[in-house]
Amino acid sequence: MQETKRQKQVGQLVQEELSDIFNRMGFNVTEGGMISISSVKMTPDLLEARIYLSMFQIKAPVEMLARMNERMGEIRRDLGNRVAKQLRRVPELTFFLDDTLDHVFKMEELFKKINEDDKKSKP
């Protein structure tokens, strides 16, 4: 089902505010890697936000996700303070790993290998 205009607007607002909160909390650059919010999908009732996180060069992304979930109360409270004027209720936050970057790197490696194999097979 396609997102409504309001879902997209609220998702964008939540993404911008969470990016700033992550920056302040030190989540955006940690352990020699980077964490960024690739997208935010809102449920139709705007009560739940599904946040997709892209983790670049993070050695243990699942553990990092667990650390973020431990601080969920603090993150949600900060978000509530920032969006109180725009939203009636602060949405429940759920974090997911976005592995799109991993797929992109794997595809690039495959294309490189195919190119190398083609060059070797041609006389």
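Residues numbered from 1 in each chain as written. Predicted model: local features only at pLDDT ≥ 70, side-chain atom pairs only at ≥ 80, totals over all residues. Heavy atoms only, no water.

Brief notes about the nonpolar core
Looking at soluble globular proteins, one finds that nonpolar side chains tend to be buried together.
In step 1: Leu18, Ile51, Leu53, Met68 and Phe95 are the most contacted members of the largest nonpolar core, which has 28 residues in total.
In step 2: For this core, the leading source of residues is helix H1 (residues 5–25), giving 7 residues.
In step 3: Beyond its immediate stretch of four places on either side in the chain, Phe95 contacts Phe22, Ile51, Leu53, Leu65, Met68, Asn69, Met72 and Ile75. (Core = buried A, V, L, I, M, F, W, Y, C linked by side-chain atoms within 4.5 Å. Buried < 20%, exposed > 50% of the residue type's maximum accessible area, 1.4 Å probe, protein only. Helix = DSSP H or I, 4+ residues; strand = E, 2+ residues; numbered from the N terminus. Contact = heavy atoms within 4.5 Å.)

A short note on the packing of H1 against helix H3 (residues 72–83)
In step 1: Where H1 contacts H3, the axes come no closer than 10 Å and their chain directions differ by 125 degrees. Judged on the interaxial angle alone, H3 and H1 are oblique. As for how H1 packs across H3, the hand of that crossing is right-handed. Seen from H1, the contacting residues are Leu13, Val14, Glu17, Leu18, Asp20, Ile21, Phe22, Arg24 and Met25; seen from H3, they are Glu74, Ile75, Asp78, Leu79, Arg82 and Val83.
In step 2: Residues of the contact of H1 with H3, tallied by class, amount to 9 nonpolar, no polar and 6 charged. (Axes fitted to C-alpha atoms, helices over the stretch in contact; angles between N-to-C directions. Parallel < 35°, antiparallel > 145°, perpendicular 65-115°, else oblique. Left-handed = near helix turned anticlockwise from the far one by under 90°. Nonpolar A, V, L, I, M, F, W, Y, C, P; charged D, E, K, R; others polar.)

Remarks on the side chain of Asp78
In step 1: You can see Asp78 is positioned in helix H3.
In step 2: Judged by relative accessible area, which is 15%, Asp78 ranks as buried.
In step 3: With sequence-adjacent residues up to four places away left out, Asp78 is seen in contact with Ile21 and Arg24.

Thoughts on the pattern of salt bridges
In step 1: Here the structure, examined in full by the defined rule, presents 7 salt bridges.
In step 2: Of the charged contacts, one joins Arg50 and Glu48 as a salt bridge, the two residues approaching to 3.6 Å between their closest N and O atoms.
In step 3: Residue Arg50 is classed as partly exposed on the basis of its relative accessible area, which comes to 31%.
In step 4: Under the relative-accessibility criterion, Glu48 is labelled partly exposed at 26%.
In step 5: Residues Arg71 and Glu74 are paired through a salt bridge, measuring 3.2 Å at the closest nitrogen-oxygen approach.
In step 6: What makes Arg71 partly exposed here is its relative accessible area of 31%.
In step 7: Given the relative accessible area of 28%, Glu74 is considered partly exposed.
In step 8: In the salt-bridge network here, residues are joined through shared partners; they are Glu17, Asp20 and Arg82. (Salt bridge = Lys/Arg side-chain N within 4 Å of Asp/Glu carboxyl O.)

Describing the packing of aromatic side chains
In step 1: Evaluated as defined, the whole model comprises 2 aromatic pairs.
In step 2: Seen from their ring centres, Phe22 and Phe95 are 6.0 Å apart, and the 50 degrees between their planes marks the pair as tilted. Placement of Phe22 in helix H1 and of Phe95 in strand S4 (residues 92–97) is noted, with a sequence separation of 73 residues between them.
In step 3: Here Phe95 falls in the buried class, since its relative accessible area comes to 6%.
In step 4: A ring pair is formed by Tyr52 and Phe96, whose centres lie 5.3 Å apart and whose planes are at 25 degrees; its orientation type is stacked. Here the residue Tyr52 occupies a position in strand S3 (residues 48–56), and Phe96 occupies one in strand S4, the gap between them amounting to 44 residues.
In step 5: On the basis of relative accessible area, Phe96 is assigned to the partly exposed category, the value being 31%. (Phe/Tyr/Trp six-rings, centres within 6.5 Å; stacked < 30°, edge-to-face > 60°.)

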